[in-house]
Amino acid sequence: MRLTDDQGGCDLHTHTQASDGMNTPTENVELAQARGLGAIAITDHDTVAGIAEALEAGRRWNVVVVPGVEISTMASGKDIHILGYYVDYLDPDFLARLAELRLTRDVRNEKILDKLRALGLELTMDEVIGGLGRSLEPDESIGRPHIADALVRKGYASTMRDAFDRYLAQGAVAYAPQPRIHPREACEWIVAAGGVPVLAHPGLYGDDALVREIIAEAAVKGIEVYHSDHDTTDAARYLAMAEEYDLIVTAGSDYHGVRQGQVFHGDIGSKQLPMNVLAQLKSARAASIEE
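Treat the numbers as computed from the prediction; the structure is a model and nothing was measured.

In this section: the side chain of His13. For His13, the position within the fold is in strand S1 (residues 9-14). A distance of 3.2 Å separates the side chain of His13 from the side chain of His15, its partner in a polar contact.

Glancing now at the sheet that holds strand S6 (residues 222-227). Pairing is mixed in the open sheet, where 8 strands are placed in the order S7-S6-S5-S4-S3-S2-S1-S10. The sheet is open, and its two borders are formed by strand S7 (248-252) and strand S10 (273-274), each paired with just one other strand. In this sheet, S6 lies alongside strand S5 (residues 196-199) in parallel orientation, the contact comprising 2 bridges. In the sheet register, Val198 faces S6, and the bridge partner there is Gly222.

Next up on the list: the side chain of Asp20. Within the secondary structure, Asp20 is located in the loop between S1 and helix H1 (25-34). Despite its burial, Asp20 pairs with no opposite charge; the closest candidate is Arg105, at 5.9 Å N-O. Here the side chain of Asp20 touches Ser19 through a polar contact of 3.3 Å, side chain to side chain. There is a polar contact of 3.2 Å between the side chain of Asp20 and the side chain of His256. Dropping the residues within four chain positions of it, Asp20 is found in contact with His15, His45, Pro145, His146, His256 and Arg259.

The rules behind these values
- Residues numbered from 1 in each chain as written.
- Predicted model: local features only at pLDDT ≥ 70, side-chain atom pairs only at ≥ 80, totals over all residues.
- Heavy atoms only, no water.
- Helix = DSSP H or I, 4+ residues; strand = E, 2+ residues; numbered from the N terminus.
- Polar contact = N/O pair within 3.5 Å; in protein donor to acceptor, adjacent residues only side chain to side chain.
- Pairing = 2+ DSSP bridges.
- Buried < 20%, exposed > 50% of the residue type's maximum accessible area, 1.4 Å probe, protein only.
- Lys, Arg positive; Asp, Glu negative; His and termini not counted.
- Salt bridge = Lys/Arg side-chain N within 4 Å of Asp/Glu carboxyl O.
- Contact = heavy atoms within 4.5 Å.

Okay, structure coming up:
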C-alpha cells in the first residue's frame, strides 16, 4: 500500500521490547522514519511501558507517535485483541488494570512451561528471559513469542511458526488459556483512559459472526481492515463491514521485529493509511470525552 502523500503514512500497529517485540521503542521510530512514515503507533500487549521513550524518539526523528496499547480479551472461547489509541498512558487506574492482565499472563506462561516439561521439553522461565539478552524491565511482559524463540534456540522447534503450530497455538498440545476480560470491558477501560478502541485483525478470528457481535456489543470505534495477515479478500470484506457499521478504518503491520531471521507479522510500514486517519481517531476521542 504505497502512498504519494508528502507527509508519509501511518502504521498503527507495532510492538516493542515492552511486550513481545524485538526492538526498542526508539528503534521502531527510527525504522518508521527510514520507511518515510509520518506516524507510528506503539501498541504493546497489555502494557504502555514503551510509550514515553517512543514519544521522545518521535520528537527527535520528526515522526508522530500515537500512544497505544493492545489488550488481550476473550469472547466465545476465542482470543480477541482490542487496540486502544491516544490512551492516557499515565492514568493510574488504567495502569493498575493493565498490571492485573500481565499477572494473569505470567500464570498462563508457567502453565505452558509445565505442559512443555510434561512433554519432555525442558525449559524454564529463566531460559526464556535469558533469550532477551537483557534484564526484564518493570511493566514489560513475556508472551508466547518469547517461549517460541526459546524452543527454537533449544532445538525443540525448527522455526517460530513450527513452535506455535506444534506447541503454543490455540488447540496445540502446550497451549494454556489465559483468564481474560471480555472485549466490551477492554473498550470501556480504553475509553475511560481517554482512548479510542479498535478491533484488531478480525481476519485472524475465523468467525465473522463473532466479529459482528463484538462490534455491536463492545462499542468499538474502528476496525483494523489492513493487516499483515489479511489478504485482499479479507480487506475488502472488512472495509465493507466498516462502512456498514460506520467504523474508522485502520491499518497496521503488527510489526514484532525479526526473530530467527523472520519478520513477524509484517515489516514496519507494510500496511499503512494516510495521515488523516489520525484526525478521525482524535475526533472519535473528543466525541467520547464529551459523552
